[in-house]
Amino acid sequence: MRTVDEHLADILANVPVLPPLDLALLEAAGSVLAEPVTAPVSLPPFDNSAMDGYAVVSADVAKASEAEPAVLPVIGDIAAGDSGVTAIRPGLAARIMTGAPMPAGADAVIPVEWTDGGAATVRINRSAPPGHYIRRSGEDVRAGEIVAGPGTRLGAAQLGMLAAVGRARAVVRPKPRVVVLSTGSELREPGSELAPGQIWDSNSFMLTAAVIEAGGVGYRQTMVEDDPRKVLETLEDQLMRADALVTSGGVSMGVRDVVKEVLTGVGTVQFHKVRMRPGKPQGFGLLEGTPIFTLPGNPVSAYVSFQVFVRPALRAMQGLAPEPLPTVTAVLAEDLKSPAGLTHFLRATLAHNRGTHMQQSYTVTPAEGQGSHQLAALSSANALIVLPEDAVDVPAGSPVEVLRLPS
Ligand SMILES: Nc1nc2c(c(=O)[nH]1)N[C@H]1C(S)=C(S)[C@@H](COP(=O)(O)OP(=O)(O)OC[C@H]3O[C@@H](n4cnc5c(N)ncnc54)[C@H](O)[C@@H]3O)O[C@H]1N2
Ligand code: MOO
C-alpha cells in the first residue's frame, strides 16, 4: 500500500513534458506558452486620443467656461488609422477621434460633450490640463518588454496580448491528446437497449470531459469487453494518437480484471493499492514512453482518481506546475467518520458565507450517498472534502480541507 502523495510523486517523476510546437495563434488557444514573447514596439505605438473630441493647446482653453467659452477654428479631422502628419499651432483645434494619432503641437483632448461640436469653429466651455485624455506611447507595454513568459496558459486575454504585439504564431506545449477507454463486458453505449446485467458506459464520457476541463484534448474510444487480447490490441492501436491513455475498470481482484492482467509487466506499468477511499486500486506506467493511467471502474473512484492523479500529470506534461484543484478551508456542517489509515475524499456542497468583513468563510456539507457507485451524489456536488489518514471522528464545526471541483 502507498499513500496518495507517494503515488502522485511516482506519476509526476515519470510523465514526460510534451515537446514544443510552433502554432498559429488560434490553434494555440488553451496551450501553454513555451517561449518568452517580447513586444517589438511599444503599445500604444504613438500618442493618441482617448476620446472623440478636439485636440487643442491646453493654454488656449485655460480660461474656458460656460459663460465665456474658448472659440477656436477647426483645421480638419483626424480619424483612427490616419497616417498623414498633422500639426496644430496655438489658437487652433483639430477634430479628433478615439485612437487617432495626436497632432504635433496639441497637448490635450477636449471631449465633444464639453463643446458645441462645431465643424468649422468649436466653442469649448471647460478647461483641461496638459495631457488631458491623451494615451501615451508605451503606457501599456514598452518596446522590448516580455508580455508573456513560458508557462503562461494562452487564454483569451493572453492571445489578445500576443496579437496586439504583432505575433501571428507562438511556440507552445500543445494540449495533451488523451485517449479514454472503458473496459467491461457489462457496458453498453448510452442510447442502446440494456439486457439484464448490463449498464450504460458512463466513465468514458465523464473522463473525456474531465480531460477537456483539465486543458487536454479528449478522445473517447468505444468501450472494450473484458477480453485480454482486445484490450491490449486497442491500447496498442491508440498509442499512435495519444500523449496519454486513461482506462477505467479491470484493475481490482476479480478473475476478469483484464487491464491488470494484460498490462502487468508491460512497459513500466505497475499496479498498486493506494491508501485512499475511493480509488484504492490504481495502475500507472509508460507504454512505449506514453503514460497510461489505469483507473478503477467504480464511477466515483474513477472521477476522484482523475482529479487527484491525472489532472496534475496533464498539467506537468504541458510545463505547468502540477497544482491540485483549488483548495479552501471550510467549516464542516455535520459530524463525519472516516476510516483510519486512508485519505478520504467525500462528495460535498461548498457554500460561501458572506461575512460582514472582507474575510472569506466557507461551510461544507457532505452529500448523502458516499458509495463509489453513487454518481448522483457526485454530480450534484461542487467539492470534495479531503480527510487525512489520521482523521477518524471529525465533529461538526471542524475546519476541513476542501477541493473545489471544476464547474
Ligand atoms: N475482492 C475485492 N474486490 C474489490 C476490491 C478489493 O480490494 N477486493 N476493490 C474494490 C474497489 S475499492 C474498487 S474501486 C473496484 C475496482 O474495480 P475494477 O477497477 O476492477 O472495476 P470493475 O470491476 O471493472 O468495475 C467496478 C464497478 O464499476 C462499474 N463500471 C466499470 N466501468 C464502468 C463504466 N465505464 N461506466 C459505468 N460503470 C462502470 C462496474 O460495472 C462495476 O460495478 O473493485 C472493488 N472490488
Ligand atoms: O476504492 Mo474503490 O475505488 O472504493 O471504489
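The structure displayed is predicted, hence computed values, not measured ones. (Residues numbered from 1 in each chain as written. Chains lettered and ligands numbered in written order. Predicted model: local features only at pLDDT ≥ 70, side-chain atom pairs only at ≥ 80, totals over all residues.)

Asks: So what exactly am I meant to see when it comes to the overall build of the protein chain here?
Replies: When helices and strands are tallied, the protein chain shows 7 helices and 28 strands. For a compact globule of 407 residues, the expected C-alpha radius of gyration is about 22 Å, and the protein chain comes in at 31 Å, more than 25% above that figure. Taking the principal axes of the C-alpha coordinates as reference, the protein chain spans close to 95 × 50 × 40 Å. When burial is assessed residue by residue, the protein chain has 38% of its 407 residues classed as buried. Across the protein chain, contacts joining residues at least 24 apart in sequence account for 69% of those joining residues at least 6 apart. (Helix = DSSP H or I, 4+ residues; strand = E, 2+ residues; numbered from the N terminus. Rg over C-alpha atoms; globule rule 2.2 N^0.38 Å. Buried ≥ 20, exposed ≤ 12 C-beta atoms within 10 Å, placed from the backbone. Contact = placed C-beta atoms within 7 Å.)

Asks: Please explain the site of ligand 1 as it appears in this structure.
Replies: In the vicinity of ligand 1, 27 residues are found, and the nearest of them are S182, N203, G249, S252 and G297. Those elements that provide at least two residues to the shell around ligand 1 are α3 (203–213) and α6 (299–317). Here the residues of the shell around ligand 1 are counted per class, giving 8 nonpolar, 15 polar and 4 charged. (Near = placed C-beta within 6 Å. Nonpolar A, V, L, I, M, F, W, Y, C, P; charged D, E, K, R; others polar.)

Asks: Please explain the sheet that holds strand β8 (residues 108–111) as it appears in this structure.
Replies: Sheets are built from strands that pair by backbone hydrogen bonding, the pairs being arranged parallel or antiparallel. In space, the 5 strands of this open sheet follow the order β8-β5-β7-β6-β9, with mixed pairing throughout. Both edges of this open sheet fall to β8 and β9 (121–124), since each of them pairs with a single strand only. Across the sheet, the mean angle from the axis of one strand to that of its neighbour is 40 degrees, orientation sign disregarded. Judged from the 4 bridges that link them, strand β6 (residues 70–78) and β9 form a sheet pairing that is antiparallel. Residue P73 lies in a different strand from β9, and its bridge partner there is T121. (Pairing = 2+ DSSP bridges. Axes fitted to C-alpha atoms, helices over the stretch in contact; angles between N-to-C directions.)

Asks: Would you mind going over the sheet that holds strand β1 (residues 21–24) with me for this structure?
Replies: Ordered in space as β1-β12-β2, the 3 strands form an open sheet in which the pairing is antiparallel. In this open sheet, the two edge strands, each paired with only one partner strand, are β1 and β2 (32–33). The sheet contact formed by β2 and strand β12 (residues 169–173) spans 2 bridges and is antiparallel. Bridge pairing in β12 links L33 to V172.

Asks: Explain the domain arrangement of the protein chain here, please?
Replies: Frequently, the measure chosen for interface size is the accessible area that the parts lose on association. The domains assigned to the protein chain are domain 1 (4–18 + 175–317), domain 2 (21–43 + 139–173), domain 3 (48–135) and domain 4 (327–404). Using C-alpha coordinates to define each centre, domain 1 is positioned 34 Å away from domain 2. (Domains from an automatic or database assignment.)

Asks: Which parts of the structure should I look at to understand the environment of A316?
Replies: Its place among the elements puts A316 in helix α6. In this structure, the C-alpha to C-alpha distance between A316 and L12, residues 304 residues apart in sequence, is 7.2 Å.

Asks: Looking at this structure, I do not really get the nonpolar core. What am I missing?
Replies: The nonpolar side chains of a soluble globular protein tend to be buried with one another. Formed by 63 residues in total, the largest nonpolar core has its most connected members in V246, L384 and I385. Counting residues per element, this core draws most heavily on α6, which supplies 12 residues. A domain-level breakdown of this core finds at least three residues from each of domain 1 (4–18 + 175–317) and domain 4 (327–404). With near-sequence residues (within four places) excluded, L384 lies in contact with V304, F345, L346, R347, A348, V402, L403 and L405. Counting 23 residues, the second-largest nonpolar core is a separate cluster that includes A64, A94, V109 and V122. (Core = buried A, V, L, I, M, F, W, Y, C linked by C-beta atoms within 7 Å.)

Asks: Hey, could you run me through unusual backbone geometry in this one?
Replies: Trans peptide bonds make up the majority, and among non-glycine residues the majority have a negative phi. Cis geometry marks the peptide bond from L43 to P44, where omega comes out at -15 degrees. You can see P44 is positioned in the loop between β3 (37–38) and β4 (48–49). Of note in the backbone geometry, Y133 takes a positive phi value of approximately 55 degrees without being a glycine. In this fold, Y133 is placed in the loop between β9 and β10 (134–135). Owing to 19 C-beta atoms within 10 Å, Y133 belongs among the partly exposed residues under this scheme. Positioned with a positive phi, E288 is a non-glycine residue whose angle comes to about 50 degrees.

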